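Given next are the chains, with one letter for each unit.
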Amino acid sequence: MALHLDLSGLFDPTSESAGRLTREQLASAMPRAIAAREAHLANLPKWRSLHAQGDLQAACDARAKQVKAAGDVDYFVVLGIGGSALGNTAMVSALAPVFQEWNPEPGQPRVFVLDNVDPDWLGEFFASVPLERTHINVISKSGGTIETSSQFLIAFDAMKQACCGDENAARARFTITTDPKTGHFRGFCDELGFFTLPVPDGVGGRFSVMSPVGMFTAAMAGFDCASIHAGAARVDKNLAECAPEDDPALLYALAHVLYMEGGKPVHVHFAYAHRLRFLADWYKQLWAESLGKRLNAAGEVVHVGPTPVKAVGPTDQHSQAQLYVEGPNDKVYTMLKLRKFGREVEIPEPFVKSQAFEHLRGRKLSELMEQERCGTEVALLDANRPVCLIEMCGMDAFHLGQYFQFLQIATAYAGGIMGIDPFDQPGVEAGKIAALALMGCEGFEQRAAEIQATFAARESFQLSC
Ligand code: PA5
């Protein structure tokens, strides 16, 4: 059971002129990476040990047991956004039955993660979901996120109606995951008696999947939470104990930073399994929000950061591959591969003799997936595009825990190598504040006036057709 990393395709086997890094370039940048790793290990962030926080998992398990004990929960709904949703979506798509919304695991609820305020989507959802068979988990560390706050109000109002106006009954169908001490949700949750789970202090949203932010969903969905933690613990220990030159997260981070600095700032996460497609969304937030920064650690304006892109194979071979193989050589590719799929599908004997079918005789879909992936890898390498591979033996809880922890550590290292703070998100906060101001939130009047003045001063350039 391992998460295997193949970095061979990142390096040019012959000369540096071909557009890929040489091992010498990597070796000469290694001191910079080692310094970043040492700084990280000397001041380990709290998310690195979430897998060892048995009390947090016990709280999630106990609440899930309590919620399920009533025997009236067929639907589990997560309301949140960004780091308060993407890990949940990734876990559910990776570990639950593929069409769990129609066919959930026997005995487990259908899980829905709603991370948008689109009125068509939310309105339709709350008009259709049988709320009397539903439990809702609202997740917001700050309690100040306008999307989640509005979702909360809509969901609570709908639930109250479903409970014939009984607020106590409606409240019992909610679990609120939020900061244990501060934040806008804390006060009324305590006052009104909403059940809460903590987002631990010092754990930012995109690094919180192994806290109650993700693990209550995991417990509700019946996933093997101990194995998710065990996978993360394995990576955590192995990476802390190995020599820096052998640290796969450090090498992955360093190669990506060097490529970014050398003119390849677009980092494509190419998932070759339907179950892995939302891991690419989780990665996109982690990589973009952690590494895209205006200031470096010294406070200088640098405007740095890679642009992560999601691709799904083979679907995007027929959508993006033309650009990837022949367009600008400004990208680095990480292919996500499953060594073994959960099920095998044999392609049936052709019903007619045809060039379209002959080579499919006796083949399996897993073979086709792998040959498609290899074909794309070869096409990229032939065009001197750097490609690496993250391979999981299978899609299970253990490997998922390994994947999460590996990329979180690689992201922290990349931030250190780049000399920026990977744990803040001032750009996101700026957008949050602007939205609050425009929605008339008290205390943001001045910001609202500034924004309106900017809009008023903007020269109109409108077209229609
Ligand atoms: O990673 C982050 O910090 C952000 O994406 C947050 O998770 C997101 O903005 C939601 O914040 P909150 O949990 O406070 O509602």
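This structure is a prediction, so every number in the text was calculated from the model and none was measured.

Inspection of every chain in the model, using the stated rule, returns 27 aromatic pairs. Aromatic rings pair up to connect F152, F156, F174, F185, F188 and F194 into one cluster. Above the face of the F195 ring, R63 is positioned so that its terminal group lies 4.1 Å from the ring centre.

Attention now goes to the side chain of R373. Inspection of the secondary structure puts R373 in helix α13 (residues 365-382). Given a relative accessible area of 3%, R373 falls into the buried group. A distance of 2.8 Å separates a polar atom in the side chain of R373 from a polar atom in the side chain of E377. When neighbours within four sequence positions are excluded, R373 is seen to be in contact with Y272, Q317, M335, K337 and L389.

Looking at where K337 falls in the secondary structure, it is placed in strand β11 (residues 331-340). Looking at K337, the relative accessible area reads 14%, which means it is buried. Among the polar contacts listed, one links the side chain of K337 to the side chain of E370, at a separation of 3.1 Å. Excluding anything up to four places from it in sequence, K337 contacts L276, E370, R373, L389, I390, E391 and M392.

As far as domains go, the chain holds domain 1 (3-42 + 227-418) and domain 2 (54-199). Here the C-alpha centroids of domain 1 and domain 2 sit 32 Å apart. Each side of the interface is counted separately: domain 1 has 15 residues, and domain 2 has 14 residues. For the pair domain 1 and domain 2, the summed buried area comes to about 1100 Å², and 70% of that belongs to carbon and sulfur atoms. Per-residue buried area on domain 1 facing domain 2 is highest for R275, F278 and Q285; these three make up 43% of the total on that side. Counting the contacts that link domain 1 with domain 2 gives zero salt bridges.

Rules used in this analysis
Residues numbered from 1 in each chain as written. Predicted model: local features only at pLDDT ≥ 70, side-chain atom pairs only at ≥ 80, totals over all residues. Heavy atoms only, no water. Phe/Tyr/Trp six-rings, centres within 6.5 Å; stacked < 30°, edge-to-face > 60°. Lys NZ or Arg CZ within 6 Å of the ring centre and 35° of its normal. Helix = DSSP H or I, 4+ residues; strand = E, 2+ residues; numbered from the N terminus. Buried < 20%, exposed > 50% of the residue type's maximum accessible area, 1.4 Å probe, protein only. Polar contact = N/O pair within 3.5 Å; in protein donor to acceptor, adjacent residues only side chain to side chain. Contact = heavy atoms within 4.5 Å. Domains from an automatic or database assignment. Buried area = accessible area lost by both parts, 1.4 Å probe. Salt bridge = Lys/Arg side-chain N within 4 Å of Asp/Glu carboxyl O.

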